[in-house]
Amino acid sequence: MAEASGVLTHQEIIRLCGFAGDSERESPGTQGPVRPCLRDNVRSASYDLRLGDEYYLRNASGKHWRWGQKTRTRKLDEQCSRRLTVEPNRVAIVTAKEMVCLGPDMVGHLSLKQDVLLQGLIMASQSQIDAGYEGRIFALLYNLSDNEVTLEYGDSVLRLELVRLAERTEKPYEGDFQGITLAKALQRPVGSSLEGLRHEVDRIRKLLLGIPVATLLAIVIAIVLASVTGFIGWASNLNERIVRLEEKAAQRDSSAAGRIGAVNRDIAKLRCEIRRQGSAGEQDRSFPC
């Protein structure tokens, strides 16, 4: 009987990963889509991937990177360095602890766990994990908040949804990321432009805090006085221009009124002349012109 296509359920993931019994907490890690598979991390229709040991967090030296240089990753371990702290506006690339081994009839979809998201981290859009892929899972995380976010080795951070295809693909994954480490996969440093802006703002803030209060107050007063003086000069100049425009307008009105009066007098004279010419044969030739 052919297995039904669609999202794998809790019991299907448990069965495929080869758990020997209900008391076994972790699978042997030799079969199934997730190796090793932790029973408590199998959800209703997904699996919670844990934070692995290899990660990348760019430092200042990344600014001087050149093509051909090896990009350095770092390691977490259970004894000495268990925590990864992502500062505000910084980018981190993390590796899942588990291996993902998909057959030619299965694909995977990755998302960020809700509790990690609510701390202020977001995950860059992740492409589908193709059928036939076997290897580590990498995720680019960005701290969108104003606070540091700390993740610990072994924490559940990513959610993997497994989907069985309607039929086996004839072209399973054979790409360059098959089975390689993060150090080999990462071709060049990855950083955030907002991180540099935040550092510049912090530098200016520290510089201002280091200036004595009296000096800082003098600078502020000088800036305010310069602004006020400039505004007064601008307002005075504007007022003079308005007065000149009003004077020109008054002169033009007076000149126009004089021209209109002269035209009206000429019209009156013409009317009188017309009346005289039209009444030339009449006895009464007196006109009030």
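Everything numeric in this text was worked out from a predicted model, so none of it was measured.

About the criteria used
- Residues numbered from 1 in each chain as written.
- Predicted model: local features only at pLDDT ≥ 70, side-chain atom pairs only at ≥ 80, totals over all residues.
- Heavy atoms only, no water.
- Helix = DSSP H or I, 4+ residues; strand = E, 2+ residues; numbered from the N terminus.
- Buried < 20%, exposed > 50% of the residue type's maximum accessible area, 1.4 Å probe, protein only.
- Contact = heavy atoms within 4.5 Å.
- Salt bridge = Lys/Arg side-chain N within 4 Å of Asp/Glu carboxyl O.
- Pairing = 2+ DSSP bridges.
- Polar contact = N/O pair within 3.5 Å; in protein donor to acceptor, adjacent residues only side chain to side chain.
- Core = buried A, V, L, I, M, F, W, Y, C linked by side-chain atoms within 4.5 Å.

**A few points about the environment of Gly108**
You can see Gly108 is positioned in strand E8 (residues 106-112). Its relative accessible area of 0% is what places Gly108 among the buried residues. The spatial distance from the C-alpha of Gly108 to the C-alpha of Val7 is 9.4 Å, given a sequence separation of 101 residues. Those residues in contact with Gly108 that sit more than four places away from it in its chain are Leu102, Gln128, Ile129, Leu160 and Glu161.

**So, the pattern of salt bridges**
Counted under the stated rule, the structure contains twelve salt bridges. Residues Glu3 and Arg164 are paired through a salt bridge, measuring 3.4 Å at the closest nitrogen-oxygen approach. In this pair, Glu3 is assigned in the segment before strand E1 (6-7) and Arg164 in strand E13 (residues 156-164), connecting sequence segments 161 residues apart. The partner of Arg164 in a salt bridge is Glu12, with the nearest N and O atoms 3.0 Å apart. Of the two residues, Arg164 sits in strand E13 while Glu12 sits in helix H1 (residues 10-16), which places them 152 residues apart along the sequence. Glu12 sits in the buried class, given a relative accessible area of 19%. One continuous salt-bridge network, built from bridges that share partners, spans Glu3, Glu12, Arg15 and Arg164.

**A closer look at the sheet that holds strand E7 (residues 99-101)**
On the basis of which strands lie adjacent, the open sheet formed by three strands has the order E2-E7-E10 and antiparallel pairing. Both outer strands of the open sheet, strand E2 (34-35) and strand E10 (134-135), are each paired with one neighbouring strand and no more. Pairing of E7 with E10 involves two bridges; the strand directions are antiparallel. Bridge pairing in E10 places Val100 opposite Gly135.

**Looking at the side chain of Glu12**
Separated by 3.0 Å, the side chain of Glu12 and the backbone nitrogen of Thr9 make a polar contact. Apart from residues no more than four positions distant in its own chain, Glu12 is found in contact with Val7 and Arg164.

**Some details on the pairing of strand E12 (residues 149-152)**
The alternating pattern of E12 places Val149 and Leu151 on a buried face, while none of Thr150 and Glu152, on the opposite face, is buried. As defined by bridge partners, strand E5 (residues 83-86) adjoins E12 across four bridges and the pair is classed as antiparallel. Paired with Leu84 across the strands is Leu151, a residue of E12.

**Some details on the nonpolar core**
Soluble, globular proteins show a tendency: their nonpolar side chains are buried together. Core analysis: the largest hydrophobic core is formed by 41 residues, its most contacted members being Ile137 and Leu158. For this core, the leading source of residues is strand E3 (residues 47-57), giving five residues.

**With respect to unusual backbone geometry**
For the bond running from Arg35 to Pro36, omega is -15°, close enough to zero to count as cis. Along the chain, Pro36 falls in the loop between E2 and E3. A positive phi is found at Asn89, a non-glycine position, where the angle reads about 65°. By secondary structure assignment, the location of Asn89 is in the loop between E5 and strand E6 (91-96). Note on Asn89: relative accessible area 10%, which makes it buried.

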